[in-house]
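Residues per chain, in single letters:
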Amino acid sequence: MMRSDKIGGRELKRTIRDMLKQDDFKAALMMLCQLPAREVINPLFSFFYSMDELTKWRAVTAVGTVVSDLARKDLESARVVMRRLIWNLNDESGGIGWGSPEAMGEIMARHKKLAEEYARILVSYAQKDGNYIENELLQRGVLWGLGRLARSYPGFLKESDTFIPPYLDSSDCIVRGLAAKLCGILRLDAARASLQKLKNDKTSIPLFCKGMMRTYPINRIASDALSRLRMIDGTVETAIRRVEK
């Protein structure tokens, strides 16, 4: 087990950075969870601002892993971290909040109790009548966080058919792609027409998937989302035929 009491602040940060770059990232996450959560959170937060995309996204995953593990031992301390992420997205914080919505989504996807308490706040960042975030770069993080949450607990994104589809028309290609992916996860029928249009969008965007950065064309993401909608159509048709018999 790694002993954090023998590692200074700068050395700890360098050690964590090296762990985020390891080929065996799953093993690195296990090692991070052996360290006191309160000591690794600040260094991990600092990597949200990394110019290296893979380092940034792995830091988001690591925060989700560490904080969800912390919540199982000390729920109130995990809440403190959640409140800090929320504060980072507050105009009064004086910062920008890079990585905060992504981390919120990652944490809640891993811990249902925290999702029950904070999902509505993450959702509100995407709603025009909520705590709407206008910055398109931050919108990317909000949509990614919602997508991560939706994979684990889609029930927390009720009525998303009213506020997610408009993002499909965003001028930002990554926002469009993430919105299309989210519409597929949630199987939003209200997005069908817009997703059909995006089948002509050949723009490729980088996405973090399974610990690595990968590139996907938006038209493929839209097609995948439409395929999920067709699965619903087939289920409904089968149910109708059974009733008619």
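Residues numbered from 1 in each chain as written. Predicted model: local features only at pLDDT ≥ 70, side-chain atom pairs only at ≥ 80, totals over all residues. Heavy atoms only, no water.

Trainee: Sorry if this is basic, but what is going on with the packing of aromatic side chains here?
Mentor: For any pair of aromatic rings, geometry is given as the distance between the ring centres together with the angle between the planes. Tallied over the entire structure, the rule returns four aromatic pairs. On the basis of an interplanar angle of 10° and a centroid distance of 5.7 Å, the ring pair of Trp57 and Phe208 is categorised as stacked. Separated by 151 residues along the polypeptide, Trp57 in helix H4 (residues 53-73) and Phe208 in strand S1 (residues 204-209) bring together distant segments of the chain. Taking relative accessible area as the criterion, Trp57 reaches 9% and is therefore assigned buried. Three or more aromatic residues joined by ring pairs make a cluster, and in this case those are Trp57, Trp144 and Phe208. (Phe/Tyr/Trp six-rings, centres within 6.5 Å; stacked < 30°, edge-to-face > 60°. Helix = DSSP H or I, 4+ residues; strand = E, 2+ residues; numbered from the N terminus. Buried < 20%, exposed > 50% of the residue type's maximum accessible area, 1.4 Å probe, protein only.)

Trainee: Could you clarify how one ought to interpret the pattern of salt bridges in this entry?
Mentor: Opposite charge on two side chains permits pairing when their charged atoms draw close. Counted according to the given criterion, the structure contains 14 salt bridges. Put simply, Asp189 and Arg192 hold a salt bridge, and the shortest N to O gap is 2.4 Å. Overall, the relative accessible area of 48% leaves Asp189 in the partly exposed class. Note on Arg192: relative accessible area 25%, which makes it partly exposed. (Salt bridge = Lys/Arg side-chain N within 4 Å of Asp/Glu carboxyl O.)

Trainee: Looking at this structure, how should I read unusual backbone geometry?
Mentor: With the exception of glycine, most residues fall at negative phi, and the peptide bonds are largely trans. Here the phi dihedral of Arg187 falls at roughly 55°; this positive angle occurs in a residue that is not glycine. Relative to the helices and strands, Arg187 resides in the loop between helix H9 (173-186) and helix H10 (192-198).

Trainee: Got a minute to help me understand the environment of Asp24 in this structure?
Mentor: For Asp24, the position within the fold is in the loop between helix H1 (9-20) and helix H2 (25-32). Along the backbone, Asp24 and Gly211 are 187 residues apart, and their C-alpha atoms lie at a distance of 9.6 Å. A polar contact of 3.2 Å, which involves the side chain of Asp24, links it to the backbone nitrogen of Ala27. (Polar contact = N/O pair within 3.5 Å; in protein donor to acceptor, adjacent residues only side chain to side chain.)

Trainee: Got a minute to help me understand the pairing of strand S2 (residues 212-217) in this structure?
Mentor: Residues in a regular strand project their side chains so that they alternate between the two faces of the sheet. When S1 meets S2, the two strands line up antiparallel, connected through six bridges. Among the inter-strand pairings, Ile205 is bridged to a residue of S2, identified as Tyr216. (Pairing = 2+ DSSP bridges.)

Trainee: Help me understand the packing of H2 against H4, please; the structure alone is not making it clear to me.
Mentor: The angle between the axes and the distance between the axes are what describe a pair of packed helices. With their axes 10 Å apart at the nearest point, H2 and H4 run at an angle of 45° to one another. As judged from the angle between their axes, H2 and H4 are oblique. Crossing of H2 over H4 shows right-handed handedness. Contacts between H2 and H4 pair Phe25, Leu29 and Leu32 from the former with Arg58, Thr61, Ala62, Thr65 and Val66 from the latter. When its residues are assigned to classes, the contact of H2 with H4 shows five nonpolar, two polar and one charged. (Axes fitted to C-alpha atoms, helices over the stretch in contact; angles between N-to-C directions. Parallel < 35°, antiparallel > 145°, perpendicular 65-115°, else oblique. Left-handed = near helix turned anticlockwise from the far one by under 90°. Contact = heavy atoms within 4.5 Å. Nonpolar A, V, L, I, M, F, W, Y, C, P; charged D, E, K, R; others polar.)

Trainee: Can you walk me through the nonpolar core in this structure?
Mentor: Across soluble globular proteins, nonpolar side chains have a tendency to be buried as a group. In this structure, Leu32, Leu85, Met104, Met108, Tyr125, Leu146 and Leu195 are the most contacted members of the largest nonpolar core, which totals 80 residues. When residues no more than four places from it in sequence are discounted, the contact partners of Met104 are Met82, Leu85, Ile86, Leu89, Tyr118, Ile121, Leu122 and Tyr125. (Core = buried A, V, L, I, M, F, W, Y, C linked by side-chain atoms within 4.5 Å.)

Trainee: I keep staring at helix H5 (residues 75-88) and nothing clicks. Help me out?
Mentor: For an α-helix the count is 3.6 residues per turn, leaving residues at separations of three or four pointing the same way. Its 14 residues give H5 an end-to-end C-alpha distance of 20 Å, which sits within 8% of 20 Å, the value for a rise of 1.5 Å per residue. Within H5, the full set of buried residues consists of Ser77, Ala78, Arg79, Val81, Met82, Leu85, Ile86 and Asn88. Summarising the contacts, the buried residues of H5 are in contact with helix H3 (37-46), H4, helix H6 (100-110) and helix H7 (112-124). (Expected span 1.5 Å × (residues − 1).)

Trainee: Any chance you could explain the confidence of the model for the protein here in plain terms?
Mentor: Detailed conclusions should not be drawn from predicted coordinates in areas where pLDDT is low. Mean pLDDT over the protein stands at 91; residues scoring 70 or higher make up 91%. A low-confidence stretch, residues 235-244 (pLDDT under 50), is modelled with zero contacts involving residues beyond four sequence positions or located in other chains. (pLDDT = per-residue confidence, 0-100.)

Trainee: Just to check I follow, could you spell out the side chain of Arg58 for this structure?
Mentor: Mapped onto the elements of the fold, Arg58 is located in helix H4. In this structure, Arg58 is buried with no salt-bridge partner, the nearest side chain bearing the opposite charge being Asp23 at 6.1 Å. (Lys, Arg positive; Asp, Glu negative; His and termini not counted.)

Trainee: It is not clear to me how the side chain of Thr65 should be interpreted in this structure. Could you clarify?
Mentor: Along the chain, Thr65 turns up in helix H4. For Thr65, a relative accessible area of 12% translates into the label buried. What Thr65 contacts, discounting residues up to four positions off in sequence, is Leu29, Cys33 and Arg110.

Trainee: Before we go on, may I ask you to explain the packing of H1 against H2 in this structure?
Mentor: Relative orientation of the contacting elements H1 and H2 amounts to 150°, with a least axis distance of 8 Å. In terms of axis orientation, H1 runs roughly antiparallel to H2. Contact residues: H1 offers Ile16, Met19 and Leu20, while H2 offers Phe25, Ala28, Met31 and Leu32. Split into classes, the residues belonging to the contact of H1 with H2 amount to seven nonpolar, no polar and no charged.

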